[in-house]
Amino acid sequence: MSTEYNGLEFKTELEAIWAAFFDLAGWQWWYNPVQVENWKPDFKVTFPCGHSECGGSHTLLVSVLPTRDLNSQKEHPSLLHSYGVANKDGKYLADGGALFGIGPLVTQWQIVHGSGGGIEDVHSRVHNANELWDKAAAAL
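Residues numbered from 1 in each chain as written. Predicted model: local features only at pLDDT ≥ 70, side-chain atom pairs only at ≥ 80, totals over all residues. Heavy atoms only, no water.

K.L.:
Which residues make up the overall build of the chain, and what are the values?
P.N.:
A count of helices and strands for the chain gives 2 helices and 10 strands. Helices and strands appear in the chain in the N-to-C order β-β-α-β-β-β-β-β-β-β-β-α. The chain carries 9 positive and 16 negative side-chain charges, and their two centres are separated by 4 Å. (Helix = DSSP H or I, 4+ residues; strand = E, 2+ residues; numbered from the N terminus. Lys, Arg positive; Asp, Glu negative; His and termini not counted. Charge placed at Lys NZ, Arg CZ, Asp CG, Glu CD.)

K.L.:
Explain the sheet that holds strand S3 (residues 28-31) residue by residue, including any values.
P.N.:
Read across the sheet, 6 strands follow the order S3-S4-S5-S8-S9-S10 without closing on themselves; strand pairing throughout is mixed. Of all strands in the sheet, those bounded by a partner on one side alone are S3 and strand S10 (116-120). Between one strand axis and the next, the sheet turns by 20 degrees as a mean value, whatever way the strands run. Summarising the sheet, strand S4 (residues 43-48) and strand S5 (residues 57-64) pair through 6 bridges and their orientation is antiparallel. Note that in S5 the partner of Pro48 across the bridge is Ser57. Contacts from helix H1 (residues 13-25) reach S3, S4, S5, strand S8 (96-100) and strand S9 (107-113), with the element oriented near 20 degrees to S4. (Pairing = 2+ DSSP bridges. Axes fitted to C-alpha atoms, helices over the stretch in contact; angles between N-to-C directions. Contact = heavy atoms within 4.5 Å.)

K.L.:
Could you give an account of the nonpolar core, with specific residues and numbers?
P.N.:
Of all hydrophobic cores here, the largest spans 29 residues; its most connected members are Trp18, Phe21, Phe43 and Phe100. Put simply, the parts of the chain that give this core at least two residues each are H1, S3, S4, S5, S8, S9 and helix H2 (129-138). Counting residues per element, this core draws most heavily on H1, which supplies 8 residues. With near-sequence residues (within four places) excluded, Phe100 lies in contact with Trp18, Phe22, Trp27, Val62, Ser63, Val64, Leu65, Val106, Thr107, Trp109 and Val122. One finds Trp39, Val85, Leu93 and Ala94 within the second-largest nonpolar core, a separate group that totals 6 residues. (Core = buried A, V, L, I, M, F, W, Y, C linked by side-chain atoms within 4.5 Å. Buried < 20%, exposed > 50% of the residue type's maximum accessible area, 1.4 Å probe, protein only.)

K.L.:
Break down the pairing of S3 for me, with residues and values.
P.N.:
Taking every second residue as pointing to the same face, the buried face of S3 carries Trp29 and Tyr31, while none of Gln28 and Trp30 on the other face is buried. Sheet analysis places S3 next to S4, joined by 4 bridges and oriented antiparallel. Counterpart to Gln28 in the pairing with S4 is Thr46.

K.L.:
Pulling in residues and values, what's your account of H1?
P.N.:
Because an α-helix completes one turn every 3.6 residues, residues spaced three or four positions apart along the sequence face the same direction. With 13 residues, H1 extends 18 Å between its outermost C-alpha atoms, agreeing within 8% with the 18 Å of an ideal straight helix rising 1.5 Å per residue. Residues Leu14, Glu15, Ala16, Ile17, Trp18, Ala19, Ala20, Phe21 and Phe22 constitute the buried set of H1. A positive phi of about 80 degrees marks Gly26, the residue just after H1. (Expected span 1.5 Å × (residues − 1).)

K.L.:
Describe the environment of Thr12, naming the residues involved and giving the relevant values.
P.N.:
As for its placement among the helices and strands, Thr12 is situated in the loop between strand S2 (8-10) and H1. On the basis of relative accessibility, which here comes to 31%, the residue Thr12 falls in the partly exposed class. Contact partners of Thr12, with chain neighbours within four places excluded, come to Met1 and Thr3.

K.L.:
With reference to specific residues and values, describe the pattern of salt bridges.
P.N.:
Scanning the entire structure with this criterion turns up 4 salt bridges. Among the salt bridges present, the one from Glu120 reaches Arg125, with a minimum N-O distance of 2.7 Å. By relative accessible area, which is 11% here, Glu120 ends up buried. We note a salt bridge from Lys135 to Glu131, for which the minimum N-O separation is 3.4 Å. Of the two residues, Lys135 and Glu131 are both situated in helix H2; the distance of 4 residues between them amounts to about one turn of the helix. Under the relative-accessibility criterion, Glu131 is labelled partly exposed at 43%. Here the residues in one salt-bridge network are Lys11, Glu15 and Asp42, joined through shared partners. (Salt bridge = Lys/Arg side-chain N within 4 Å of Asp/Glu carboxyl O.)

Written out as structure tokens, the structure reads:
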């Protein structure tokens, strides 16, 4: 069932809630970005990073699925793009692929960060994620 948010029509209400969440969190976002091989992400998002090694921000290509269980989605293309996403010509598109489910607790990506990196989620980047999620859902 499609849902409108901020003048855009989203395929699902869950996508629209994530768009509202990104706005509340101060993340830049684009809906339906470029396809990567057999994967069509729902969003491209950019969020700030204070580490001097990171250049001020990170960018993810995000798939939104109505799931409560990330383990059941291990083979989803979004999670197969750890530590960088490039197109077929080798052009760098994002720091990693990400899977976002039914709320901030159901999110995951893997990127280089600072002098290390690893698995992250929304709570590692947005300290009041649950509060913003509630506000985003109420905004629709």
